[in-house]
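Residue-level listing of the chains:
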Amino acid sequence: MSEHSVTARATQGGGEPADLDAYRGVGIFLEQHNGRAAPVAWELAGIGRKLADKLGVELIGFVAGHGVEAIAREAVERGCDRVYVLDHPALAVYRNEAFARALVPVIREVKPEIFLLGATTTGRDLAGTLATTLATGLTADCTQLDVDPETRLLDAIRPAFLEKQLAVILCKKHRPQMATVRPKMMEPAEPQPGRQGQIIRVDVDLDESQLRTEVLGVIDEPDPQAQLERADVVVAGGRGLQDPKNLKLLFDFAERVGGVVGASRAIVDAGWIGREYQVGQTGLTVRPKVYFAFGISGAIQHTVGMENSELIIAVNKDPEAPIFKVADLGVVGDLFQILPALQAELERRLDEEAGRDGGTGDDGARGEAAAAEDVPARAKGA
Ligand SMILES: Cc1cc2nc3c(=O)[nH]c(=O)nc-3n(C[C@H](O)[C@H](O)[C@H](O)COP(=O)(O)OP(=O)(O)OC[C@H]3O[C@@H](n4cnc5c(N)ncnc54)[C@H](O)[C@@H]3O)c2cc1C
């Protein structure tokens, strides 16, 4: 983040201004699926609480679904002062029209001055409909948020100009000031058991016959995107892999370390791997405990999606590759030597730990890795 600078300030909105003083409080959309809160809901509770405290107002949660009251109780423990529960069978599975019809009247009634959603597939889809129906401004995909207690304006901050700069978008004349927030950018609010708040059940006036879509069934397939977002270890590769068949090296290594494969856009665009694996500005933001980058140059559009990982280990044969600026550990060398050597060493240690006879017989790979130039731990941003 240190490379970003705030350079652009933009103001949203035209048309009739709203009665700004009629709006108070910070609203958050508590996204859930099958009665389980999406992790971004608690990230919004974390940042929402900070904004509400700065403004001296309530943090107000909105949860829509069927059988979702437990989420409202958890939201109170995680910092909401008030939670509106919109419970209806027609809201059991997310549908844009049903959710918008249910939420718009409640938001109009409650009048929060700020309304935040996660920049997830659901949040992005719903936010556009809510903002147009409420005739207000929406800043998509924010990575930072702040508020000015004097003007009460939300600084909706997001990367711009190919991620090289940060833009601050203001919504001066319309309310609520809406923004979607990228998952994994904000610290989640921790539960405070016993914390008290108000839970308000809303009468939802919805009828299936009014809705233009019908849910025929739900196909539950493993979702690589969700796995990548939640992974503790990400093993990512880029064009340095040279050929799609070499992706097998990544998948094997990821399986061995209990990780999930990620990719740079270059190899996604080349058709080597699906877009759901892409990390970066136009892909996913990840925040694992360990992020391996094999043969990835470290363009800003990539690093913006992984720079908050706890430990970044990069392997690249170019000592000047920008990935080394964000890496905690950098190895200058050929990934085709380093990756098998790492795997062999890992397996040797796992064997050792398991008390079995160690050694994989892969001494050649280990020898070559030792010959590669090891770059001692580099400080981030060095
Ligand atoms: C609007 C926009 C949005 C974008 N969004 C994204 C995004 O979301 N995610 C993303 O990743 N990119 C994104 N990009 C593209 C980004 O700018 C880079 O082009 C891309 O990340 C480069 O991918 P790469 O590092 O795999 O390839 P390259 O830049 O070609 O780098 C390959 C690296 O591999 C190294 N290498 C080669 N052979 C070996 C070897 N044998 N061993 C070790 N290292 C080796 C090279 O030294 C080089 O550093 C976006 C670009 C634009 C304009």
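These figures come from a predicted structure and were not determined experimentally.

Here strand E7 (residues 114-118) lies mainly inside the structure; five of its five residues are buried. Along E7, one buried face is formed by Ile 114, Leu 116 and Gly 118 and the opposite face, lined by Phe 115 and Leu 117, is buried too. Pairing of strand E2 (residues 26-29) with E7 involves three bridges; the strand directions are parallel. Along E7, the bridge assignment pairs Gly 27 with Phe 115. Pairing analysis gives five bridges linking E7 to strand E12 (residues 177-181), with the strands arranged parallel. Its bridge partner lying in E12, Phe 115 is registered against Met 178.

Looking now at the sheet that holds E7. Here we have seven strands laid out as an open sheet, ordered E8-E12-E7-E2-E5-E6-E13, and parallel in their pairing. Across the chains shown, the open sheet's two edge strands, defined by having one partner strand only, are strand E8 (138-142) and strand E13 (198-202). Going across the sheet, the axis of each strand differs from the next one's by a mean of 20°, ignoring polarity. Its contacts with the sheet put helix H3 (residues 96-110) on E2, strand E5 (59-65), strand E6 (82-87), E7 and E13, and the angle it makes with E5 is roughly 160°. Running over the sheet, helix H4 (residues 121-134) touches E2, E7, E8 and E12 and is turned about 170° from E12.

Of the residues in the protein chain, 88% have a pLDDT of 70 or more, and the chain-wide mean is 88. Considering only residues more than four positions removed or in separate chains, one finds that residues 1-7, a stretch of pLDDT under 50, has eleven contacts.

Considering the arrangement of structural elements, one finds Ser 297 in the loop between strand E16 (290-294) and helix H8 (300-303). Here the alpha-carbon distance between Ser 297 and Glu 320, two residues 23 residues apart in the chain, equals 9.1 Å. Those residues in contact with Ser 297, other than ones at most four positions away along the chain, are Gly 238, Ala 321, Pro 322 and Ile 323.

For the rest of this paragraph, the subject is helix H2 (residues 69-77). Of all the positions in H2, only Ile 71, Ala 72, Glu 74, Ala 75 and Val 76 are classed as buried. Packing partners of the buried residues in H2 comprise strand E3 (32-33), strand E4 (36-37), helix H1 (39-55), E5, E6 and E13. Of the residues flanking the end of H2, it is Gly 79, one or two places downstream, whose phi is positive at about 120°.

Before going further, it helps to examine the site of the ligand. If you check the shell around the ligand, you find 29 residues, and the closest are Gly 238, Gly 240, Arg 265, Ala 266 and Gly 280. Among the elements of the structure, helix H7 (265-269), H8, strand E17 (311-316) and helix H10 (335-353) are those that each provide at least two residues to the shell around the ligand. The greatest single-element share of the shell around the ligand, amounting to three residues, is contributed by H7.

What counts, and where the lines are drawn
Residues numbered from 1 in each chain as written. Predicted model: local features only at pLDDT ≥ 70, side-chain atom pairs only at ≥ 80, totals over all residues. Buried ≥ 20, exposed ≤ 12 C-beta atoms within 10 Å, placed from the backbone. Helix = DSSP H or I, 4+ residues; strand = E, 2+ residues; numbered from the N terminus. Pairing = 2+ DSSP bridges. Axes fitted to C-alpha atoms, helices over the stretch in contact; angles between N-to-C directions. Contact = placed C-beta atoms within 7 Å. pLDDT = per-residue confidence, 0-100. Near = placed C-beta within 6 Å.

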